[in-house]
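Architecture and fold: a report
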Amino acid sequence: MGKKTIRVSDFSGTVLGPDDEAVRVVVLEHPDLVAGPVQLDATPVEVENLDDAALDVAVVEIHDRHGHGEPRRVVLTASEFDAMATDMPMAQLLKTAERVRPPKARRATEKIDYGTIEHAGKPHRGRVTEDEARLVREQLDEVNKRLADVGLRQIDPADPEHAARYGFPTAS
């Protein structure tokens, strides 16, 4: 038995033939979008006028007390935003305004405890504590299953490096 895939436009329901081009449209923001970006399929004809219909907009963040610590994002037409500049033209104001630097990446403040069964045996650069080594030795099957489940290397007691790291007996 075989399977047949039929592609259709999400906009119109038009069936796309095997040689027809499908256009992928990713919706990044929309008032009805609740769980992040989505993708839709369309025919080239359906999206050919999209660029012509596009609006010149300004997307701004407002940082004030009403946001309870979080900025509010507002989208308005560029002409509405430009009209806010009364002292000089907006184009000139934007050229001379202070640049915003992207926020620095925050370092994880929560330190991973490799001495717990949840993290024991995961590769890390730090020193292996006695608690971690004991957990790995006593619960090797469980540790290796967890490591394999997340695609990490498994611990082999016969490997001299692993034996030394986790305190497995070595054959002389």
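This is a predicted model, so every value here is computed, not measured.

Section: the nonpolar core
- By size, the foremost hydrophobic cluster in this structure holds 12 residues: A120, V128, A133, L135, V136, L140, V143, L147, I155, A163, Y166 and F168.
- Mapped onto this core, the elements with two or more residues apiece are α5 (130-138), α6 (140-149) and α7 (160-166).
- Among residues more than four places away in sequence, those in contact with L147 are G121, K122, L152, R153, Q154 and I155.
- Core analysis: the next-biggest nonpolar cluster, separate from the first, contains 6 residues, A58, V60, A85 and M90 among them.

Focus: the pattern of salt bridges
- Taken as a whole and assessed by the stated rule, the structure comprises 7 salt bridges.
- For D64, the salt bridge is made with R72, and the minimal N-O distance between the two is 2.8 Å.
- Within this structure, E29, E61 and R73 form a network of salt bridges that share partners.

Regarding the layout of surface pockets
- One number sums up the size of the largest pocket: a volume of about 230 Å³.
- Taken together, V26, V27, L28, E29, H30, V57, V59 and V75 form the lining of the largest pocket.
- Among the secondary structure elements, those contributing two or more residues to the lining of the largest pocket are β3 (23-27) and β5 (57-62).
- Residues that form the lining of the largest pocket fall into these classes: 6 nonpolar, 1 polar and 1 charged.
- As a volume, the second largest pocket reaches approximately 190 Å³.
- Lining the second largest pocket, in full, are L50, A53, A54, L55 and V57.

Here's the deal with the environment of P44
- Structurally, P44 can be placed in helix α1 (residues 44-47).
- A relative accessible area of 33% places P44 in the partly exposed class.
- With 39 residues separating them in the primary sequence, P44 and A83 have C-alpha atoms 36 Å apart.

Looking at the side chain of S9
- Tracing the backbone shows S9 in the loop between β1 (7-8) and β2 (15-16).
- In terms of polar contacts, S9 uses its side chain to reach the backbone amide nitrogen of S12, at 3.2 Å.
- Filtering out sequence-adjacent residues up to four positions away, S9 remains in contact with T14, L16, D41, A42, T43 and E46.

Some details on a nonpolar patch on the surface
- Nonpolar side chains collect at one region of the surface, where L55, V57, V59 and V75 lie side by side and expose about 370 Å² of accessible area between them.
- Within the secondary structure, V75 is located in strand β6 (residues 72-77).

Cut-offs applied
- Residues numbered from 1 in each chain as written.
- Predicted model: local features only at pLDDT ≥ 70, side-chain atom pairs only at ≥ 80, totals over all residues.
- Heavy atoms only, no water.
- Core = buried A, V, L, I, M, F, W, Y, C linked by side-chain atoms within 4.5 Å.
- Buried < 20%, exposed > 50% of the residue type's maximum accessible area, 1.4 Å probe, protein only.
- Helix = DSSP H or I, 4+ residues; strand = E, 2+ residues; numbered from the N terminus.
- Contact = heavy atoms within 4.5 Å.
- Salt bridge = Lys/Arg side-chain N within 4 Å of Asp/Glu carboxyl O.
- 1 Å grid on protein atoms, 1.4 Å probe; cavity = no way out; pocket = protein on both sides within 12 Å on 5 of 7 lines; lining within 4 Å.
- Points joined across faces, edges and corners; volume = space filled by probe spheres on them.
- Nonpolar A, V, L, I, M, F, W, Y, C, P; charged D, E, K, R; others polar.
- Polar contact = N/O pair within 3.5 Å; in protein donor to acceptor, adjacent residues only side chain to side chain.
- Patch = residues over 30% accessible without salt bridge, like charges linked within 9 Å, V, L, I, M, F, W, Y side chains within 5 Å.
- Areas by Shrake-Rupley, 256 points an atom, 1.4 Å probe, with all protein chains shown as cover.

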